[in-house]
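For reference, the chains in residue letters:
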Amino acid sequence: MLQEQSDLSLIIAQIVQKLKGSSLYAQLERQAWASLQRPEIKLESLKEDIKEFFKTSGWEKKLQNAVYSELTVFPLPSHPAAPPEHLKEPLVYMRKAQGSWEKRILKSLNSMCTELSIPLARKRPVGEQKELLNKWNEMGTDEPDLSLFRPVYAPKDFLEVLINLRNPNYENGDSLSFRTHLGLIQVPLKVKDIPELKEFFVELGLTTGQLGIDDSTQVPPELFENEHVRIGHKVLAEQDSAAAQQYIRQGSPTALRAELWALILNISSQPEDVLYYEQLKTNVIQHDLLVDSLIYKDVKLTASNDDYYFVFEDYLYQVLLCFSRDTSVLGHFAYNSASPPKSYIRGKLGIEEYAVFYPPNGVIPFHGFSMYVAPLCFLYHEPSKLYQIFREMYVRFFFRLHSISSHPSGIVSLCLLFETLLQTYLPQLFYHLREIGAQPLRISFKWMVRAFSGYLATDQLLLLWDRILGYNSLEILAVLAAAVFAFRAVNLMEVTSLAAAEAVLADLSTLKVMPLLQIFLFATVT
């Protein structure tokens, strides 16, 4: 009991500390002072009157949403005596693997710098600044020569690192149960089995109404949808983040999605947010970074060639170039197993006072990174709002897809969950693919790393991302990957090579996400 009280006190203290540095805190303070002029505020009941004012004016709800947002994002506090790195990642071998991977990325970046004789950063000449400012809204028309630039790494490079990951305590095969795992991921992490997944994703059950299901036997789709939309309007009127998160587990109506996601992520476009975005834009105009070319290259290689997303090329440059300059993103490294890379002033290598984070946000983009932003362009057409939503999605979810950790939503756990589901519930298919040298993870890894962006049709992808937000978990990515293999099992049992298996699964654009998930979790598997 005492321990619970101590943990609760620690959580409260951390949240209060975090909120004190936010714009909301300043706004609440201003509102409290302003309320003193109101006739209903009496000196003898000052505290209660101000609390009542906050309640009736809607500020209490904003504070609740901010607290809920902090509880959603941050891990539960560890023991006060635990070192800070335990908050980032409790397993030492995972931290070491992440550190080694970061060194490889930096080596790749530095060697590119040396080969091309390009500085990591430079101030743009005035003429170049004016030119970039003039074409800010049509950067997609720019055709810089990027032939010498290459992505720092691709998902398949990252997969090779994860395949070689080992827990030294299990090197001698101490765990009999784990030795029976025949997948590529060979680390003993606890992942959910089907009964646990059924319990966790209970709102996806066959008897629960879902958006994205055309032939519900219980309720005619149009009746469910009309009622669901009505409730959605009510949730938005209440402006309650927790209610919105619960509501969206059954999918979001298209017309309400942008507002619901913003409410769940606690994003409200204030004048200071627009100003902050403009400051980032100014930084992009004034300074040229090497990672800018990596961003250009990635957009050209991915989104520009995508039938759904090529029209958003300008938005992608605007958001990603500003993102690379945003030092507020560094805050997520407190609970991310990764660490931001440092650059040193020439001749001062290793001297900490001459070190700066590079890029300023600490995130080096890889091949496919721009696809985290692309689907959001369908929902948000105002650049600063689009930027805020993406940044929040990244620091809550997407960073876990390209860092090595033991977190249940981390990419290592997702890979293990995917392989375990296939091996347990579709053993014949799993063994067949393994025998012909087509380990399933080699095919599904790229889907999961990109959260299926660029693989599913956009309407289906947004229904999937509804559930990521609704359950505050990325585990649904692994479940969907396994469900795709189950759906194509008959064809896959006939292939005789990795190339043939990849051909069977090359096009996911016609798949319907929700029926696949429901059937895999609640119908065919016992």
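Residues numbered from 1 in each chain as written. Predicted model: local features only at pLDDT ≥ 70, side-chain atom pairs only at ≥ 80, totals over all residues. Heavy atoms only, no water.

So, the confidence of the model for the protein
Point 1. With 86% of its residues at a pLDDT of 70 or more, the protein has an overall mean of 86.
Point 2. Confidence, expressed as mean pLDDT per element, reaches its minimum in the protein at helix 9 (residues 176-179) with 49 and its maximum at helix 22 (residues 475-487) with 97. (pLDDT = per-residue confidence, 0-100. Helix = DSSP H or I, 4+ residues; strand = E, 2+ residues; numbered from the N terminus.)

Details of the packing of helix 18 (residues 411-425) against helix 19 (residues 427-435)
Point 1. Remark: helix 18 packs on helix 19, axes separated minimally by 5 Å, with the N-to-C direction vectors making an angle of 115°. Taken as axis vectors, helix 18 and helix 19 run roughly perpendicular relative to one another. Contacts from Glu-419, Leu-422, Gln-423, Thr-424 and Tyr-425 in helix 18 reach Pro-427, Phe-430 and Tyr-431 in helix 19.
Point 2. Its residues placed into classes, the contact of helix 18 with helix 19 shows five nonpolar, two polar and one charged. (Axes fitted to C-alpha atoms, helices over the stretch in contact; angles between N-to-C directions. Parallel < 35°, antiparallel > 145°, perpendicular 65-115°, else oblique. Contact = heavy atoms within 4.5 Å. Nonpolar A, V, L, I, M, F, W, Y, C, P; charged D, E, K, R; others polar.)

What about unusual backbone geometry?
Point 1. Geometrically, the link from Tyr-358 to Pro-359 is a cis peptide bond, its omega value of -10° lying close to zero.
Point 2. Mapped onto the elements, Pro-359 comes out in the loop between strand 4 (355-357) and helix 17 (383-396).
Point 3. Positive phi values are uncommon outside glycine, yet Gln-239 reaches one of about 55°.
Point 4. Relative to the helices and strands, Gln-239 is located in the loop between helix 11 (221-238) and helix 12 (241-247).

A closer look at the packing of aromatic side chains
Point 1. What the rule picks out here adds up to 30 aromatic pairs.
Point 2. Relative to Phe-158, the ring of Trp-101 has its centre 5.3 Å away and its plane inclined at 25°; by these criteria the two rings are stacked. Within this pair, whereas Trp-101 is found in helix 6 (residues 92-116), its partner Phe-158 is found in helix 8 (residues 155-163), the two being separated by 57 residues in sequence. Judged on exposure class, the residue Trp-101 and its partner Phe-158 are both buried. (Phe/Tyr/Trp six-rings, centres within 6.5 Å; stacked < 30°, edge-to-face > 60°. Buried < 20%, exposed > 50% of the residue type's maximum accessible area, 1.4 Å probe, protein only.)

Side note on helix 19
Point 1. When helix 19 is considered as a whole, its buried residues turn out to be Leu-429, Phe-430, His-432 and Leu-433. Down the axis of helix 19, the smallest arc covering the buried residues is 165°, so these residues share one side. Along helix 19, the residues that are exposed and aim more than 90 degrees away from the buried face are Gln-428 and Glu-435.
Point 2. Looking at the packing, one finds that the buried side of helix 19 touches helix 18, helix 20 (440-449), helix 22, helix 23 (489-492) and helix 24 (498-504). (Arc of directions from axis to C-beta.)

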